[in-house]
Amino acid sequence: MISIEQVEESIQWFFATARQLGQARRQMVLTERLTERMKALVMKKYVDLPVSAQEREAKASPEMHQAYIDEADAAGEYEMLRVLKIGHEARIEAWRTMESTARALSKPMQAPQEDRYVANR
């Protein structure tokens, strides 16, 4: 059973972590762009090589290795918050369904009404 306190906790979580979730998304996007930038900067060191070789050298560089780690860390943080958000949304929806079902079950049962249509022949 989901209590109203748990639902209130989920709603408070949304307000309390909105900025954190936004910052995590910002960081994820930023690190993706910085990884692309780092690749371009490292490729510039190898202008005498064909583009495919420049790309190979960039991807093998320690700078790119760190950029990949930073990108993965940012994505991991964002995903963790996103999954928590989904969990809180699911809790609220489950509670709403339970409440709706409880209201429906608490209504008095009505006898089925007879069909009032009489065929004229």
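Colleague: I'd like a rundown of the nonpolar core, residues and numbers included.
Modeller: The tendency in soluble globular proteins is for nonpolar side chains to be buried side by side. Within the largest apolar cluster, 6 residues are counted, these being Leu-21, Ala-24, Met-28, Ala-74, Tyr-78 and Leu-81. Only α1 (4-44) and α3 (62-106) provide two or more residues apiece to this core. Setting aside residues no more than four positions away along its own chain, Tyr-78 makes contact with Leu-21, Ala-24, Arg-25 and Met-28.

Colleague: Give me the lowdown on α3, citing residues and values where you can.
Modeller: Along its 45 residues, α3 runs 66 Å from first to last C-alpha, staying within 8% of the 66 Å computed at 1.5 Å per residue. The inward-facing, buried residues of α3 contact α1 and α2 (51-60).

Colleague: Can you explain the packing of aromatic side chains? Please cite residues and give values.
Modeller: Applying the stated criterion across every chain yields a total of 1 aromatic pair. Considering the side-chain rings of Trp-13 and Phe-14, the 5.6 Å spacing of their centres and the 75 degrees angle between planes classify their relative orientation as edge-to-face. Positioned over the ring face of Tyr-78 is Arg-25, at 5.5 Å from the centre of the ring.

Colleague: Could you give an account of the packing of α1 against α2, naming the residues involved and the relevant values?
Modeller: The N-to-C vectors of α1 and α2 enclose an angle of 115 degrees; their axes lie 8 Å apart at closest approach. Here the hand of the crossing between α1 and α2 comes out right-handed. Two secondary-structure elements touch here, α1 through Lys-39, Val-42 and Met-43 and α2 through Val-51, Gln-54, Glu-55, Glu-57, Ala-58 and Lys-59. In terms of residue class, the contact of α1 with α2 is built from 4 nonpolar, 1 polar and 4 charged.

Colleague: With reference to specific residues and values, describe the packing of α1 against α3.
Modeller: Contact pair α1 / α3: the axes reach a minimum separation of 8 Å and the direction vectors enclose 160 degrees. As the angle between them shows, α1 and α3 are arranged roughly antiparallel. As for how α1 packs across α3, the hand of that crossing is left-handed. Its residues assigned to classes, the contact of α1 with α3 shows 20 nonpolar, 7 polar and 12 charged.

Each value, and the rule that gives it
Residues numbered from 1 in each chain as written. Predicted model: local features only at pLDDT ≥ 70, side-chain atom pairs only at ≥ 80, totals over all residues. Heavy atoms only, no water. Core = buried A, V, L, I, M, F, W, Y, C linked by side-chain atoms within 4.5 Å. Buried < 20%, exposed > 50% of the residue type's maximum accessible area, 1.4 Å probe, protein only. Helix = DSSP H or I, 4+ residues; strand = E, 2+ residues; numbered from the N terminus. Contact = heavy atoms within 4.5 Å. Expected span 1.5 Å × (residues − 1). Phe/Tyr/Trp six-rings, centres within 6.5 Å; stacked < 30°, edge-to-face > 60°. Lys NZ or Arg CZ within 6 Å of the ring centre and 35° of its normal. Axes fitted to C-alpha atoms, helices over the stretch in contact; angles between N-to-C directions. Left-handed = near helix turned anticlockwise from the far one by under 90°. Nonpolar A, V, L, I, M, F, W, Y, C, P; charged D, E, K, R; others polar. Parallel < 35°, antiparallel > 145°, perpendicular 65-115°, else oblique.

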